[in-house]
Amino acid sequence: PNGKVVGLGEKLNYFNTNTVDWFGGFGQAEYQKDELSAYGMVGYSVVKYGFTDHFRDDGTGSEFSAESDAIGGIQVKGGASYQLNDNVSVFGNAGYVSKVPIFDGAIDDVTGVVNPDPQNETFVALEAGATFRSADRKLAGKVNVYNTQWNDRTITRFVTELNGDDGLLNIGGLNALHRGAEAEIAYQPLDMVRADVAISLGDWTYTDDVSAKYTPDISDPNSQETVNMYLKDIKVGDAPHTQFAYGVTFFPMDGL
């Protein structure tokens, strides 16, 4: 870095030590009576991040280091299922999660600058559905719909510029809406064979434009700049939104 000649096995560009101190706990309860089954849980976690850049001098002859404040997060989830009759049941689930940001959301892994107001990622999730099983136990199915608002996500990616150089992109404050419907059907006409079909139809979309930090040279923190990301109404990637699956299972004998 900075014109220094390095040899085999020596470090260049990046020589950091990042620490994560984490503590958490949760409690869960279940209730069941007659046709009703319900559960609930609550959890809390706290994280503290540390950063040391072994290449940089803090001005006193020591290695540059930084530390975040302790950041707390909570999660509350619950759900219930009700058996309408011997064949059909309905269910619903809901959850709220305030998840502590990943390291890059609290400390810039290039400059070592501590975010004075790190934002927790939040999830608000709702789901409802029904299950069915025929009286002869040969046909079973499940259908559900879901809606999840996921806010203030942080993503870090290495990107390649048009000239072939690599840079680091740190995107914060991502908001996305995930919603869709799913269905599963299983049919077993004979003890020896079962057919399964599953369908998932999703619509996952970013809901806002955001700004990001781009560092074309990670060995030079001063090269970092702010760029705009025009993501509103763009589909969320990295996972298929439409899925179809099918399969056939054979049971020729017990244990096989």
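Heads up: the structure comes first, above all this text.
Scoring rules and cut-offs
Residues numbered from 1 in each chain as written. Predicted model: local features only at pLDDT ≥ 70, side-chain atom pairs only at ≥ 80, totals over all residues. Heavy atoms only, no water. Phe/Tyr/Trp six-rings, centres within 6.5 Å; stacked < 30°, edge-to-face > 60°. Helix = DSSP H or I, 4+ residues; strand = E, 2+ residues; numbered from the N terminus. Buried < 20%, exposed > 50% of the residue type's maximum accessible area, 1.4 Å probe, protein only. Lys NZ or Arg CZ within 6 Å of the ring centre and 35° of its normal. Salt bridge = Lys/Arg side-chain N within 4 Å of Asp/Glu carboxyl O. Pairing = 2+ DSSP bridges.

(A) Highlighting the packing of aromatic side chains. In total, this model carries four aromatic pairs according to the counting rule given. Judged by centre distance (5.8 Å) and plane angle (70°), the ring pair of phenylalanine 15 and phenylalanine 55 falls under edge-to-face. Separated by 40 residues along the polypeptide, phenylalanine 15 in the segment before β1 (16–33) and phenylalanine 55 in strand β2 (residues 36–57) bring together distant segments of the chain. Judged by its relative accessible area of 34%, phenylalanine 55 falls in the partly exposed class. For the pair phenylalanine 51 and phenylalanine 64, a centre-to-centre distance of 6.2 Å together with 75° between the ring planes defines the contact as edge-to-face. Of the two residues, phenylalanine 51 is situated in strand β2 and phenylalanine 64 in strand β3 (residues 63–67); the sequence distance between them amounts to 13 residues. Here the two residues phenylalanine 51 and phenylalanine 64 agree in accessibility, since each one is buried. The ring of phenylalanine 15 has lysine 11 sitting right over it, with the charged end atom 4.6 Å from the ring centre.

(B) Quick peek at unusual backbone geometry. We note that arginine 137 has phi near 65°; this positive angle belongs to a residue other than glycine. Inspection of the secondary structure puts arginine 137 in the loop between β6 (121–133) and β7 (139–160). Classification of arginine 137 by relative accessible area gives exposed; the value is 54%. Positive phi outside glycine occurs at aspartate 233, with the angle close to 75°. Along the chain, the position of aspartate 233 falls in the loop between β11 (225–229) and β12 (242–250).

(C) Region of interest: the pattern of salt bridges. Using the criterion set out here, one finds seven salt bridges in the structure. Between lysine 99 and glutamate 121 there is a salt bridge, and its shortest N-O distance comes to 4.0 Å. Of this pair, lysine 99 sits in strand β5 (residues 88–99) while glutamate 121 sits in strand β6; the two residues are 22 residues apart in sequence, bridging distant segments of the chain. Note on lysine 99: relative accessible area 34%, which makes it partly exposed.

(D) Looking closely at the pairing of β7. In the sheet, β6 pairs with β7 via 12 bridges, with the strands oriented antiparallel. Each bridged residue has a counterpart across the sheet, and for glutamate 127 the counterpart in β7 is tyrosine 146. In sequence, β6 turns back onto β7 through a hairpin of five residues, with arginine 137 there showing a positive phi of about 65°. Bridge count between β7 and strand β8 (residues 166–190): 19 bridges; the pairing is antiparallel. Paired with asparagine 144 across the two strands is glutamate 182, which belongs to β8. In sequence, β7 turns back onto β8 through a hairpin of five residues, with glycine 164 there showing a positive phi of about 95°.

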